[in-house]
Amino acid sequence: MGMAQQWFGFNGWKELSTKGSVFATIAYRVFFVIGLAMAIVFYSYASGGGDPSLLWIAIVGFVWFLIFQFMINFIFVNGSR
């Protein structure tokens, strides 16, 4: 398993699905959506308060996705070693 797959892959979600409760899975998905909304609002505020284009919303969403995947993998896979 390469470094990118280890830290940014879906292994954390697999561990959460098999070992975690349904409540924890739902909580992490809600946290993802709330974090995504906060990242878009923060980007809009930091860029001058205007409406960001769809391209920048997609870029911010992708960066938040990578950060979130890193956190999930750190908590459920790589942090428990």
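Position numbers for residues count from 1 along each chain, tracking the sequence in the order it is written. Where local features are concerned, this predicted model is filtered to residues with pLDDT of at least 70; where side-chain atom pairs are given and counted, the filter is 80 or more; whole-chain, interface and lining totals use all residues. Processing note: side-chain calculations cover all non-hydrogen atoms of the structure and skip hydrogens and water entirely.

1. Some remarks on the overall build of the protein chain
Keep this limit in mind: Counting from the N terminus, the helices are the DSSP runs of H or I reaching at least four residues and the strands are the DSSP runs of E reaching at least two. Accessibility here uses a 1.4 Å probe with only protein chains present; expressed as a share of the type maximum, an area under 20% marks a residue as buried, one over 50% as exposed, and anything in between as partly exposed. What makes two residues a contact is simply this: any of their non-hydrogen atoms within 4.5 Å. Working definition of accessibility: Shrake-Rupley area with a 1.4 Å probe, residue cover restricted to the visible protein chains.
Scanning the protein chain from terminus to terminus reveals four helices and zero strands. The buried share of the protein chain, reckoned over its 81 residues, is 22%. Excluding contacts between residues fewer than 6 apart, the proportion of contacts in the protein chain whose partners are at least 24 apart in sequence is 69%. For the protein chain, the exposed area adds up to about 5,700 Å²; of that, 75% sits on carbon and sulfur atoms.

2. A few points about a nonpolar patch on the surface
What counts, and what does not: Only residues whose relative accessible area exceeds 30% and that take part in no salt bridge are eligible for patches, with like-charged residues grouped when within 9 Å of each other and nonpolar side chains (Val, Leu, Ile, Met, Phe, Trp, Tyr) grouped when within 5 Å. Take a side-chain nitrogen of Lys or Arg and a carboxyl oxygen of Asp or Glu: if they are within 4 Å of each other, that pair is a salt bridge.
A grouping of L55, W56, I59, F62, V63 and I67 is seen on the molecular surface, where their side chains present a nonpolar patch of about 570 Å² in accessible area. Mapped onto the fold, L55 is located in helix α4 (residues 54-78).

3. Observations concerning the packing of aromatic side chains
Applicable threshold: Ring pairs shown here join Phe, Tyr and Trp side chains whose ring centres sit within 6.5 Å, with only the six-membered ring taken for Trp; geometry is labelled stacked below 30 degrees between planes, edge-to-face above 60, and tilted in between.
Under the definition given, this model contains eight aromatic pairs. The interplanar angle of 40 degrees and the centroid separation of 5.7 Å between the aromatic rings of F31 and F68 together place this pair among those described as tilted. Of this pair, F31 sits in helix α3 (residues 22-46) while F68 is found in helix α4, placing the two residues 37 residues apart along the sequence. Relative accessible area serves as the criterion here: at 40%, F31 is assigned to the partly exposed category. For F68, a relative accessible area of 1% puts it in the buried group. Judged by centre distance (5.9 Å) and plane angle (20 degrees), the rings of Y43 and W56 are stacked. Taken as a pair, Y43 in helix α3 and W56 in helix α4 lie far apart in primary sequence, 13 residues in all. Overall, the relative accessible area of 24% leaves Y43 in the partly exposed class. The exposure class assigned to W56 is partly exposed, which follows from its relative accessible area of 40%.

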